[in-house]
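Structural characterization, general
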Amino acid sequence: NAGVTQTPKFQVLKTGQSMTLQCAQDMNHEYMSWYRQDPGMGLRLIHYSVGAGITDQGEVPNGYNVSRSTTEDFPLRLLSAAPSQTSVYFCASSYSNRGPFNEQFFGPGTRLTVL
Amino acid sequence: SQKIEQNSEALNIQEGKTATLTCNYTNYSPAYLQWYRQDPGRGPVFLLLIRENEKEKRKERLKVTFDTTLKQSLFHITASQPADSATYLCAPTADRGSTLGRLYFGRGTQLTVWP
């Protein structure tokens, strides 16, 4: 199993550009989520999905869109990049979102810089 | 809103000693609490989950306690080694009466074990 994969590893954007961060998992997990990690702020939840076709907002959803057309894939779209979105982005998945079954498997991260 | 505090941003100890990391939370009552390890440039990796009715849980050199009265979890690494140097994150899970076991992460404690 590859686990959770993310592409690209690094990305530099100019303000106003759009892009999609890719995330895929091969563990048949129903729950997937996107976090951003900033120095001194810890991991903050952007969006999450409890299954194909179902998504919802986390703590910091503004400026991001998600969709979940398959169990495996959960892309994160930046609509119009801003310097405040400079961060490291982690995708995570878990077997379930219920209690003892929501051990999170994280991807390697995407380091995004917006100029 | 939920608040999670992890003791000091950095903890330095000598090899062989016991490292103790603290996680305090306020404004909610998690039924579970998870601990993760994060190495530089990598995604977090799950270590342990403890339930509210488990006062203590062990895994090899790791021990976690969960005191719901104090709203606190302690994470111990005994006989610490330089390879234990990493950032450790706690994540109390908000699963009480909810269908969504969302994770909220602390900012982490950076542990350095020196020879």
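At the interface, 24 residues of chain B touch 24 residues of chain A. Here chain B and chain A share an interface that buries about 1800 Å² over both sides, 52% of which is from carbon and sulfur atoms. Here chain B and chain A share 0 salt bridges between them. Elements that contribute at least two residues to the side of chain B that touches chain A include exactly β4 (32–38), β5 (45–51), β9 (86–94) and β10 (102–103) of chain B. No other element matches the 4 residues that β4 of chain B contributes to the side of chain B that touches chain A. Class assignment for the residues of the side of chain B that touches chain A results in 10 nonpolar, 9 polar and 5 charged.

Right, let's get into the layout of surface pockets. Roughly 1100 Å³ of internal volume is contained in the largest pocket. Taken together, 39 residues line the largest pocket, and the ones lying closest to its centre are Gln-37, Asp-38, Gly-40 and Gly-42 of chain A together with Arg-107 of chain B. For the lining of the largest pocket, the secondary-structure elements that each account for two or more residues are β4 (31–38), β5 (42–51), β9 (87–94) and β11 (110–114) of chain A together with β1 (3–6) and β9 of chain B. In terms of residues, the lining of the largest pocket owes the most to one element, β1 of chain B, which gives 4 residues. Split by residue class, the lining of the largest pocket holds 13 nonpolar, 15 polar and 11 charged. For the second largest pocket, the calculated volume is near 190 Å³. Within the residue set of the lining of the second largest pocket, elements represented by two or more residues are β10 (105–106) of chain A together with β4 and β5 of chain B. Considered class by class, the residues forming the lining of the second largest pocket number 6 nonpolar, 4 polar and 4 charged.

Quick look at the state of the cysteines now. Two cysteines form a disulfide when their sulfur atoms are joined by a covalent bond. Scanning all chains against the criterion turns up 2 disulfides over all chains. Note on cysteine connectivity: Cys-23 of chain A is disulfide-linked to Cys-91 of chain A, with sulfurs 1.8 Å apart. The disulfide joining Cys-23 of chain A to Cys-91 of chain A has a torsion of about -70° about its S-S bond and is therefore left-handed. A residue pair is termed long-range when its members are at least 10 positions apart, and Cys-23 of chain A in strand β3 (residues 19–25) and Cys-91 of chain A in strand β9 qualify at 68 residues. Across the disulfide from Cys-23 of chain B sits Cys-90 of chain B; the S-S distance is 2.0 Å. Across the disulfide from Cys-23 of chain B to Cys-90 of chain B, rotation about the S-S bond amounts to roughly 60°, and the bridge is consequently right-handed. Remark: Cys-90 of chain B occurs in strand β9 and Cys-23 of chain B occurs in strand β3 (residues 19–26); sequence separation between them is 67 residues. Note on accessibility: Cys-23 of chain B and Cys-90 of chain B belong to one class, buried.

Quick notes on the rules
Residues numbered from 1 in each chain as written. Chains lettered and ligands numbered in written order. Predicted model: local features only at pLDDT ≥ 70, side-chain atom pairs only at ≥ 80, totals over all residues. Heavy atoms only, no water. Contact = heavy atoms within 4.5 Å. Buried area = accessible area lost by both parts, 1.4 Å probe. Salt bridge = Lys/Arg side-chain N within 4 Å of Asp/Glu carboxyl O. Helix = DSSP H or I, 4+ residues; strand = E, 2+ residues; numbered from the N terminus. Nonpolar A, V, L, I, M, F, W, Y, C, P; charged D, E, K, R; others polar. 1 Å grid on protein atoms, 1.4 Å probe; cavity = no way out; pocket = protein on both sides within 12 Å on 5 of 7 lines; lining within 4 Å. Points joined across faces, edges and corners; volume = space filled by probe spheres on them. Disulfide = S-S within 2.5 Å. Buried < 20%, exposed > 50% of the residue type's maximum accessible area, 1.4 Å probe, protein only.

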